[in-house]
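Reading the structure
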Amino acid sequence: MNFLCDEMLHALGRWLRAAGYDVVIAAQARPDHEILAQAIDEDRVLLTRDRSFPAAPTANSGQVLLLKSNGLEANVRELMQIIPVNWLLAPFTRCLECNTPLVAADHSAMARIPQEFRAVPGGNYYCPRCDKVYWNGGHAARMRQRLAGWQKVRT
């Protein structure tokens with residue numbers, strides 16, 4: 001399942017990416033009809049808080065999911081009531097910034113990872129598109145705990 005999040009659900013989109021989902025996050029101030037057309041063209045489920053989207057003809061087909069809740073935790077709970085999100089699908093395999101699949105860090109990317117984390121199990125990765133590096137530090141452990149917590153709620 002691939003997603004498109006509108007700007008109101010940017011944080012949820014980044015966490016879905018962290019879980020391993022292919023998630024496009026719509027640019028700010030982009031017209032609703034363009035966002036909906038992109039979701040249809042790319043066969044993505046549109047996640048939105050914008051109440052004007054349900055008026056769209058595809059809203060009843062599951063193409064558009066209107067979340068009514070506020071805040072990340074509430075958005076996660078509401079989304080899980082609608083569809084079976086696997087929060088442990090493929091954690092940390094996509095760039096949180098641009099959605100590109102990550103690749104193993106090469107020599108130049110490794111040089112940008114703090115020395116104390118270069119040999120930590122769990123791998124070191126980078127995004128070939130935006131050149132962001134990722135390593136298995138304390139922040140990754142906290143994110144994994146959060147994803148695992150959401151997964152426990154799901155099951």
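Everything discussed here concerns the structure shown above.
Rules of the game
Residues numbered from 1 in each chain as written. Predicted model: local features only at pLDDT ≥ 70, side-chain atom pairs only at ≥ 80, totals over all residues. Heavy atoms only, no water. Helix = DSSP H or I, 4+ residues; strand = E, 2+ residues; numbered from the N terminus. Rg over C-alpha atoms; globule rule 2.2 N^0.38 Å. Buried < 20%, exposed > 50% of the residue type's maximum accessible area, 1.4 Å probe, protein only. Contact = heavy atoms within 4.5 Å. Core = buried A, V, L, I, M, F, W, Y, C linked by side-chain atoms within 4.5 Å. Axes fitted to C-alpha atoms, helices over the stretch in contact; angles between N-to-C directions. Left-handed = near helix turned anticlockwise from the far one by under 90°.

Notes on the overall build of the protein chain
In terms of helices and strands, the protein chain carries five helices and seven strands. Listing each helix as α and each strand as β along the protein chain from the N terminus yields β-α-β-α-β-β-α-β-α-β-β-α. The C-alpha atoms of the protein chain give a radius of gyration of 17 Å, which matches the 15 Å a tight globule of 155 residues would have. Oriented by its inertia axes, the alpha-carbon framework of the protein chain measures out at about 55 × 30 × 20 Å. Counting all 155 residues of the protein chain, 46% fall into the buried class. Considering only intrachain contacts with a sequence separation of at least 6, the fraction spanning at least 24 residues in the protein chain is 49%.

Regarding the nonpolar core
What tends to happen in soluble globular proteins is that the nonpolar side chains get buried as a cluster. Ranked by size, the top nonpolar core spans 32 residues in total, and within it Leu12, Leu16, Leu47 and Trp87 carry the most contacts. If you list the elements that add at least two residues to this core, you get strand E1 (3–5), helix H1 (10–19), strand E2 (23–25), strand E3 (45–48), helix H3 (72–82) and helix H5 (138–154). When residues of this core are assigned to their parent elements, the largest contribution, five residues, is made by H1. Each residue touching Leu12, except ones within four places of it in the same chain, is listed here: Leu47, Leu67, Leu72, Asn75, Val76, Leu79 and Trp87.

Focus on the packing of H1 against H3
The geometry of H1 relative to H3 is characterised by a closest axis approach of 9 Å and an angle of 65 degrees between their N-to-C directions. As for how H1 packs across H3, the hand of that crossing is right-handed. In this structure, H1 uses Ala11, Leu12, Trp15 and Leu16 to contact H3, whose residues at the interface are Leu72, Asn75, Val76 and Leu79.

Description of the environment of Gln38
In this structure, Gln38 sits in helix H2 (residues 32–41). We classify Gln38 as buried; its relative accessible area is 14%. Considered as a pair, Gln38 and Ala26 are 12 residues apart in the sequence and their alpha carbons are 9.3 Å apart. With near-sequence residues (within four places) excluded, Gln38 lies in contact with Leu4, Val24 and Arg30.

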